[in-house]
Amino acid sequence: LGIQLALGVAAEPLKAIVQGAGRALRVRAAVFRRELASNRALQSTVARYIHLLFAQHARTAACLRFDGPNGTLTVANAGHVLPVVRRHGGGVVSVGRAAGAALGMLVDESYAEQQLALAPGDVVLLMTDGVVEAVERDPRNMWKLMDLIAQAPCEVTAISQAIVGAVEEALGNR
């Protein structure tokens, strides 16, 4: 499909990739580059294809370690939605750094750890990016979710129900 050309790679080491049955069209690289540069529909199709291809290979993860005797939570994040802590005494904080790349995307990537002290009654929440994308207008932040979690009673079931309700409402309005 010309992914290498779209990404600016001059040569492809593979000779052919078959992704499905049917006919194929072969186009010279210069012709494809010229068409890609001027054709918004082709740009959109190639970008969507590349996104889906990468999404099949990229895996995110958040690794959490709870030290009960010391009451600390350690988080290392590999491109995943940040864990959120609803404090028993009120307030909500996200834990970790959002800067980590997805697993396997960078060679020798290391993931910084962040520690947070937990108190009895604090609730630690993990969620998928689908929750954030459904509820938030700008998925780079979680302001609406953080506010929703802060307003819910500090109890796992109540917080979960509030989040599910927000997702269902958001998806029902689309």
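Residues numbered from 1 in each chain as written. Predicted model: local features only at pLDDT ≥ 70, side-chain atom pairs only at ≥ 80, totals over all residues. Heavy atoms only, no water.

A. Layout of the overall build of the protein chain. When you go through the protein chain residue by residue, the secondary structure sums to six helices and six strands. In the protein chain, the succession of helices and strands from N to C terminus is α-α-α-β-β-β-β-β-β-α-α-α. Evaluated residue by residue, the protein chain yields a buried proportion of 29% over its 174 residues. Partitioning the contacts of the protein chain with sequence separation of at least 6, the portion at a separation of at least 24 is 53%. A total accessible area of about 12,100 Å² is found for the protein chain, and carbon and sulfur atoms account for 56% of it. (Helix = DSSP H or I, 4+ residues; strand = E, 2+ residues; numbered from the N terminus. Buried < 20%, exposed > 50% of the residue type's maximum accessible area, 1.4 Å probe, protein only. Contact = heavy atoms within 4.5 Å. Areas by Shrake-Rupley, 256 points an atom, 1.4 Å probe, with all protein chains shown as cover.)

B. Structural view of the sheet that holds strand E4 (residues 92-94). In space, the three strands of this open sheet follow the order E4-E3-E6, with antiparallel pairing throughout. Here the strands that pair on one side only, and so sit at the sheet edges, are E4 and strand E6 (123-125). The mean inter-strand angle of the sheet, taken between neighbouring strand axes irrespective of direction, is 20°. As paired strands, strand E3 (residues 84-86) and E4 are joined by three bridges and run antiparallel to one another. (Pairing = 2+ DSSP bridges. Axes fitted to C-alpha atoms, helices over the stretch in contact; angles between N-to-C directions.)

C. How the structure looks around the pairing of strand E1 (residues 61-67). Examined bridge by bridge, E1 and strand E2 (residues 72-78) share seven bridges and lie antiparallel to one another. By the bridge assignment for E2, Phe66 is matched with Leu73.

D. Up close: the sheet that holds E1. Spatial strand order, E1-E2-E5: three strands in an open sheet with antiparallel pairing. In the strand order of this sheet, the two ends are held by E1 and strand E5 (113-117), each with one partner. Averaged over all neighbouring strand pairs, the angle between strand axes comes to 20°, with direction disregarded.

E. Here's a closer look at the nonpolar core. Formed by 19 residues in total, the largest nonpolar core has its most connected members in Val84, Met127, Met142, Leu145, Ile149 and Ile159. Discounting chain neighbours no more than four positions away, the residues touching Val84 are Val92, Val93, Ser94, Val123, Val124, Leu125, Met127, Met142, Met146 and Ile149. Ranked by size, the runner-up nonpolar core spans six residues in total, among them Val75, Val95, Leu116 and Leu118. (Core = buried A, V, L, I, M, F, W, Y, C linked by side-chain atoms within 4.5 Å.)

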